Amino acid sequence: MTSKERAHLISISNSLDAVFQIGKAGLSPEVTEAVLEAFNKRELIKISVLKNCFDDPREIAEMLAERTHSEVVKVIGKKIILYKKNDNKANVKL
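Below or above, wherever it landed, is the structure these notes cover. (Residues numbered from 1 in each chain as written. Predicted model: local features only at pLDDT ≥ 70, side-chain atom pairs only at ≥ 80, totals over all residues. Heavy atoms only, no water.)

## Quick look at the sheet that holds strand β4 (residues 79-83)
Either a parallel or an antiparallel arrangement is found when strands of a sheet pair, and the pairing is made through backbone hydrogen bonds. The mixed open sheet is built from four strands, whose spatial order is β1-β2-β4-β3. If you trace the sheet from one side to the other, it starts and ends with β1 (20-22) and β3 (71-76), each paired once. Recorded for the sheet is a direction-independent mean angle of 25° between the axes of neighbouring strands. Strand direction decides the pairing type here: strand β2 (residues 44-49) and β4, joined by five bridges, are antiparallel. Within β4, the position partnered with I47 by the bridge is I80. With respect to the sheet, helix α2 (residues 29-38) is in contact with β1 and β2, its orientation differing from that of β1 by roughly 160°. (Pairing = 2+ DSSP bridges. Helix = DSSP H or I, 4+ residues; strand = E, 2+ residues; numbered from the N terminus. Axes fitted to C-alpha atoms, helices over the stretch in contact; angles between N-to-C directions. Contact = heavy atoms within 4.5 Å.)

Below, the structure is given as structure tokens:
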């Protein structure tokens, strides 16, 4: 992903609400499955890491990107932005 593409995705994500929240249980298999299902509907996902989660948001982002075969766009504080290209453009919302 180029820096220009990354900047464009970040600008789009500013208007998005967090789709998922990761709490004190951390990154569970259920959260991973839910994110995978969400990538069927959209290409760009924002995730919020709650204050009671003691795991590093950057580590969570890297693990989640690896498990879902997506890319980390940016980690801002406790917000994670992930992108996964979807070939089925008819059902995709950015």
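Having put the structure on the table, let's press on.
## Regarding unusual backbone geometry
The phi torsion at H69 lies on the positive side, around 55°, for a residue other than glycine. Relative to the assigned elements, H69 resides in the loop between α3 (57-68) and β3.

## Looking at the nonpolar core
In this structure, I22, V35, I45, I47, I60, I80 and L82 are the most contacted members of the largest nonpolar core, which totals 19 residues. Every element with two or more residues in this core is listed here: β1, α2, β2, α3, β3 and β4. Looking at this core, the element that brings in the most residues is α3, giving four residues. The residues touching I47, leaving out its near neighbours within four places in the chain, are A18, F20, I22, V35, L64, K78, K79, I80 and L82. Grouped together as the second largest cluster of nonpolar side chains are eight residues, L9, I10, L16 and L44 included. (Core = buried A, V, L, I, M, F, W, Y, C linked by side-chain atoms within 4.5 Å. Buried < 20%, exposed > 50% of the residue type's maximum accessible area, 1.4 Å probe, protein only.)

## Some thoughts on the environment of T2
Along the polypeptide, T2 turns up in the segment before α1 (3-13). With relative accessibility at 43%, the residue T2 sits in the partly exposed group. On a C-alpha basis, the gap between T2 and A34 in space is 27 Å, while along the polypeptide they are 32 residues apart.

## Here's the deal with the pairing of β3
The sheet contact formed by β3 and β4 spans five bridges and is antiparallel. Bridge assignment links V75 to a residue of β4, and that residue is I80. Between β3 and β4, which follow one another and run antiparallel, lie two residues, and G77 among them has a positive phi close to 60°.

## Here we look at the environment of P29
By the element assignment, P29 lies in helix α2. Taking the C-alpha atoms as reference points, P29 and N52, separated by 23 residues in sequence, lie 19 Å from one another.

## Side note on the packing of α2 against α3
A pair of packed helices can be characterised by two numbers: the angle between their axes and the separation between those axes. It is the contact of α2 with α3, at a shortest axis distance of 10 Å, that shows an interaxial angle of 60°. The pairing of α2 with α3 is recorded here as oblique in orientation. Every pair of crossing elements has a handedness; the one defined by α2 and α3 is right-handed. Here α2 contributes T32, V35 and L36 to the contact with α3, which in turn contributes L64, R67 and T68. Partitioning the contact of α2 with α3 into residue classes produces three nonpolar, two polar and one charged. (Parallel < 35°, antiparallel > 145°, perpendicular 65-115°, else oblique. Left-handed = near helix turned anticlockwise from the far one by under 90°. Nonpolar A, V, L, I, M, F, W, Y, C, P; charged D, E, K, R; others polar.)

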